[in-house]
Amino acid sequence: QKHPIDGDSPSYLSLLTEEEVEMLAPFSRLIELKPNQPLYVQGDMSTFLGFVVSGVLSATTAAPQNPNASPEKNASAEPDEKEPDEEQLQWTLTEGDTFGEYALVIDGQIGDGKREATLRVTEHAVIETIAFHK
């Protein structure tokens, strides 16, 4: 199995010249992830972009707070009892998909360089990441 960094995929990496791919190789690494493991969490600083070599990942965002919610609802809950954070599925990533390009291309101008979603493994996954520093 060839690594996506070899430029042999239909992703954004295939748009790079051979020299550009060679320049990125030292910053690239493979990560193996288990189901339900988060790759990153909404609000984390963006420090890498990635490519799904295999597996399935789900991108979710925290449900927006309802400004019209009744304060009495929480008042009746036990003090140690917390409502679980609700997440909304935004998209699913599978083999060949990329993520994190915005943070690299726009230099953090969306969301102050922070991840806009939580990316969690749905099925065992192998990810190729390319680190970058701001």
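Just above, that's the structure.
Residues numbered from 1 in each chain as written. Predicted model: local features only at pLDDT ≥ 70, side-chain atom pairs only at ≥ 80, totals over all residues. Heavy atoms only, no water.

Colleague: What is the right way to look at the environment of Phe 48 in this model?
Modeller: By the element assignment, Phe 48 lies in strand β3 (residues 48-62). Looking at Phe 48, the relative accessible area reads 16%, which means it is buried. In sequence terms Phe 48 and Ser 28 are 20 residues apart; their C-alpha atoms lie 9.4 Å from each other. Not counting residues within four places of it along the chain, the set of residues in contact with Phe 48 comprises Leu 39, Tyr 40, Phe 99, Gly 100, Arg 115, Thr 129, Ile 130, Ala 131 and Phe 132. (Helix = DSSP H or I, 4+ residues; strand = E, 2+ residues; numbered from the N terminus. Buried < 20%, exposed > 50% of the residue type's maximum accessible area, 1.4 Å probe, protein only. Contact = heavy atoms within 4.5 Å.)

Colleague: What is the right way to read the side chain of Thr 129 from this model?
Modeller: Assignment of secondary structure puts Thr 129 in strand β6 (residues 118-131). Look at Thr 129 and you get buried, because its relative accessible area is 5%.

Colleague: For this particular structure, what's the right way to read a negative patch on the surface?
Modeller: Side chains of Glu 18, Glu 19, Glu 20 and Glu 22 sit close together on the surface and give a patch of like negative charge. With respect to the helices, strands and loops of the structure, Glu 19 is situated in helix α1 (residues 18-24). Relative accessible area serves as the criterion here: at 56%, Glu 19 is assigned to the exposed category. (Patch = residues over 30% accessible without salt bridge, like charges linked within 9 Å, V, L, I, M, F, W, Y side chains within 5 Å. Areas by Shrake-Rupley, 256 points an atom, 1.4 Å probe, with all protein chains shown as cover. Salt bridge = Lys/Arg side-chain N within 4 Å of Asp/Glu carboxyl O. Lys, Arg positive; Asp, Glu negative; His and termini not counted. Charge placed at Lys NZ, Arg CZ, Asp CG, Glu CD.)

Colleague: Honestly, the nonpolar core in this entry has me stumped. Any pointers?
Modeller: Nonpolar side chains tend toward joint burial in soluble globular proteins. If you look at the biggest cluster of nonpolar residues, it comprises 15 residues, and the most contacted ones within it are Leu 39, Leu 57, Phe 99, Leu 119 and Ile 127. Mapped by element, the contributors of at least two residues to this core are β1 (28-33), β2 (38-40), β3 and β6. Setting aside residues no more than four positions away along its own chain, Leu 57 makes contact with Val 52, Trp 91, Thr 92, Leu 93, Leu 119, Arg 120, Val 121, Thr 122, Ala 125 and Ile 127. (Core = buried A, V, L, I, M, F, W, Y, C linked by side-chain atoms within 4.5 Å.)

Colleague: Help me understand the side chain of Ser 58 in this model?
Modeller: With respect to the helices, strands and loops of the structure, Ser 58 is situated in strand β3. Among the polar contacts listed, one links the side chain of Ser 58 to the side chain of Thr 122, at a separation of 2.7 Å. Residues within four places of Ser 58 in sequence aside, it is in contact with Leu 89, Trp 91, Thr 92, Thr 118, Leu 119, Arg 120 and Thr 122. (Polar contact = N/O pair within 3.5 Å; in protein donor to acceptor, adjacent residues only side chain to side chain.)

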